[in-house]
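# Chains, contacts and geometry: an overview
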Amino acid sequence: MVQSEYSLVDIAKDSIPEREAGPEPGPEQDPEKEPRPELGTKLKIELTRPNPDDFPDGGLQAWLVVVGGFCAVFCSFGWINCIGVFQNYYEHNQLKQYSSSTIAWIPSTQSFMLFCPGFIAGKMADELGPRIPILLGSFLHIFGLMMTSISTEYYQFFLAQSVCSGLGCCFLFYPVLAACGTWFLRHRALAFGIMLSGSSIGGVVLPIMVQHLIPKIGFGWAMRAVAFTFLGLLIIANLTVKSHLPPARRPFHFMELVKPFMERPFLLLALAAFFIYFGGFLPFNFLIVQGEASGMSTNLASYLVPILNGVSTFGRILPAHVGDTFGVYNVMIILSAFGAIMTLALWLPAAADAPIIMYAIMYGFASGCTLSIMPAMVAKLGHISQLGARSGALYAFSSIGVLIGSPIGGAIQNDQHGGYSGLIIFTGVALLFGTFFAVLSRAALVGFKIKVKV
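This one's a predicted model, so the numbers in the text were calculated from it and none came from an experiment.

Criteria and thresholds
Each residue is numbered by its place in its chain's sequence as written, counting from 1. Residue-level local features of this predicted model are given only where pLDDT is at least 70; pairs of side-chain atoms are given and counted only at 80 or more, and the full residue set underlies all totals for whole chains, interfaces and linings. Heavy atoms throughout the structure, all of them, feed into the side-chain values; hydrogens and water do not. Only DSSP runs of H or I covering at least 4 residues are called helices, and only runs of E covering at least 2 are called strands; the numbering of each starts at the N terminus. By definition, residues are in contact when any of their heavy atoms lie within 4.5 Å. Known as pLDDT, the predictor's confidence for each residue is given on a scale from 0 to 100. Working convention: axes come from line fits to C-alpha atoms, limited for helices to the stretch in contact. Angles between N-to-C directions cover 0 to 180 degrees. Here is the rule for angles: anything less than 35 degrees is roughly parallel, anything more than 145 is roughly antiparallel, 65 through 115 is roughly perpendicular, and the remaining ranges are oblique. Each crossing gets its hand from how the near helix is turned against the far one by less than a right angle, where anticlockwise is left-handed and clockwise is right-handed. Classes in brief: Ala, Val, Leu, Ile, Met, Phe, Trp, Tyr, Cys and Pro nonpolar; Asp, Glu, Lys and Arg charged; the others, Gly included, polar. Multiplying 1.5 Å by the residue count of a helix minus one yields the expected span of that helix. When a residue's accessible area, from a 1.4 Å probe over protein chains only, is under 20% of the maximum for its type it is buried; when over 50% it is exposed; and in between it is partly exposed. Of the grid points, spaced at 1 Å and generated over the protein atoms alone, those admitting a 1.4 Å probe that cannot get out make up cavities, while open sets with protein on both sides within 12 Å along at least five of seven lines make up pockets; any residue with an atom within 4 Å of a point is treated as lining. Grid points are joined across faces, edges and corners, and a volume is the space filled by probe spheres set on the points.

## Quick notes on the environment of K453
Mapped onto the fold, K453 is located in the segment after α20 (421-446). Sequence spacing of K453 and F326 is 127 residues, and the spatial spacing of their C-alpha atoms is 5.3 Å. Ignoring anything within four residues of it in the chain, the contact list for K453 reads G323, D324, T325, F326, G327 and N330.

Okay, here's the thing in structure tokens:
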């Protein structure tokens, strides 16, 4: 019998009968003085480890993890959700000598840094537990914001805000997702919904905070005020977020990142995610500047992104609940198509305040679902134990769309000499392509049957 091929419980079952059938201990084998076998030590270690199937599903520590996770998501994804504020501010201030397309690389790279290294952040959380990557992310995020506050040149904004702060957001976001999942089973959707609502609430509070502070205390101190606010919230996250299970010491294999793309449903879903992220972040980046170009007052336009993010809170929670009943694929396809239709039918002809605000509401609800329901769809395509690696692979692939989408949209806007119709059409078509590939992914699973929960 080769020991490495058996679990400790199997070893115990195999070894106990042999011990009972063995020879009686002789004078030289005093049972009282005989040292405990190595098996006993292994079994003791096995029994003292938390059972992966034993989820507390509540209790003080479990909900403290949710509170800490909310704080981390507020500071990371919530910050990414207010990137449109900086696109507008840089175009009129420090970087006004640069084109919209060039400036768009700053927010798009920041979004890219949130998604692309997610596989690394998740793997680090698996190996070391969540606290080390959260501590690392806290340092990088706050340090990046502090450096942004003293930046004056394009490359300084890019390195500080896009790369350093964006990478910090990545190491804050994925470990708290992994940690929260170990504490809940029956109430997991509720726990995730509460925690991830931090991204939408952050997307409401932070743009208003930044835009009110800059005229009063200046850009530098506004960024420092945000950094100090994050410092307080991330202290809570570092003290409360921990995993219910011990770190899983699994070696990294590159094929964990590549193998899922060999499955047709996953590959098609990855293409859907690529196109949805390719165009899905453009309204976040350009809705404010498009609103001002259409004659909306600067004060009212500054509330467009908070409105969009505020409505997305409901888009994250309500469709996910409906998806538990009717299938996450079905709900995502409907809302992704709805977002594309609203972009082409409402945003494209919008030339007054009312339709632009209505579009922010409609698209906010749709994007809240389509941009956050992907992990639930990935879970449909493989064993739950592979969810982290497969989600990381999908986000790494789709992050390319996040990176290049906004600069391409900015280049289209520049070619139109300030017009936004081409950018809006580009957004709508990208969302339609994403919906199309999501339909193909669903068809690869169950065919073109409509009345099937997927």
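## Topic: the confidence of the model for the chain
In the predicted model, the chain carries a mean pLDDT of 82, and 85% of its residues have values of at least 70. Within the model, the stretch residues 1-50 combines pLDDT values under 50 with 19 contacts to residues more than four positions away or in other chains.

## Digging into the packing of helix α8 (residues 131-149) against helix α9 (residues 154-181)
Closest axis-to-axis distance for the α8/α9 pair is 7 Å, and the angle between their directions is 155°. In terms of their interaxial angle, α8 and α9 are classed as roughly antiparallel. Both α8 and α9 take part in a crossing whose hand is left-handed. Touching P133, I134, L136, G137, S138, L140, H141, F143, G144, L145, M147 and T148 of α8 are F157, A160, Q161, C164, S165, L167, G168, C169, F171, L172, P175 and V176, all from α9. Across the contact of α8 with α9, the residue classes break down as 16 nonpolar, eight polar and no charged.

## A closer look at helix α16 (residues 328-347)
Given 3.6 residues per helical turn, the α-helix brings residues three or four places apart onto the same face. Its 20 residues give α16 an end-to-end C-alpha distance of 27 Å, which sits within 8% of 28 Å, the value for a rise of 1.5 Å per residue. Burial of α16 is extensive: 14 of the 20 residues sit out of reach of the surface.

## Remarks on empty space enclosed by the protein
Any empty space left between the atoms is revealed when a probe the size of a water molecule rolls over them. Under the defined criterion, the tally for this structure stands at two cavities of 30 Å³ or more. The volume enclosed by the largest cavity comes to roughly 40 Å³. In terms of lining, the largest cavity is formed by F77, N81, F284, N309, S312, R316, S367, G368 and L371. Breaking the lining of the largest cavity down by element, the ones donating at least two residues are α15 (304-326) and α17 (353-370). Considering each element in turn, the lining of the largest cavity owes the most residues, three residues, to α15. Roughly 40 Å³ of internal volume is contained in the second largest cavity. Lining the second largest cavity are I276, L335, S336, G339, Y363, A366, S367, T370 and L431. At the level of secondary structure, the elements contributing two or more residues to the lining of the second largest cavity comprise α16 and α17. Of all the elements, α17 adds the most residues to the lining of the second largest cavity, at four residues. Residue composition of the lining of the second largest cavity, by class: five nonpolar, four polar and no charged.

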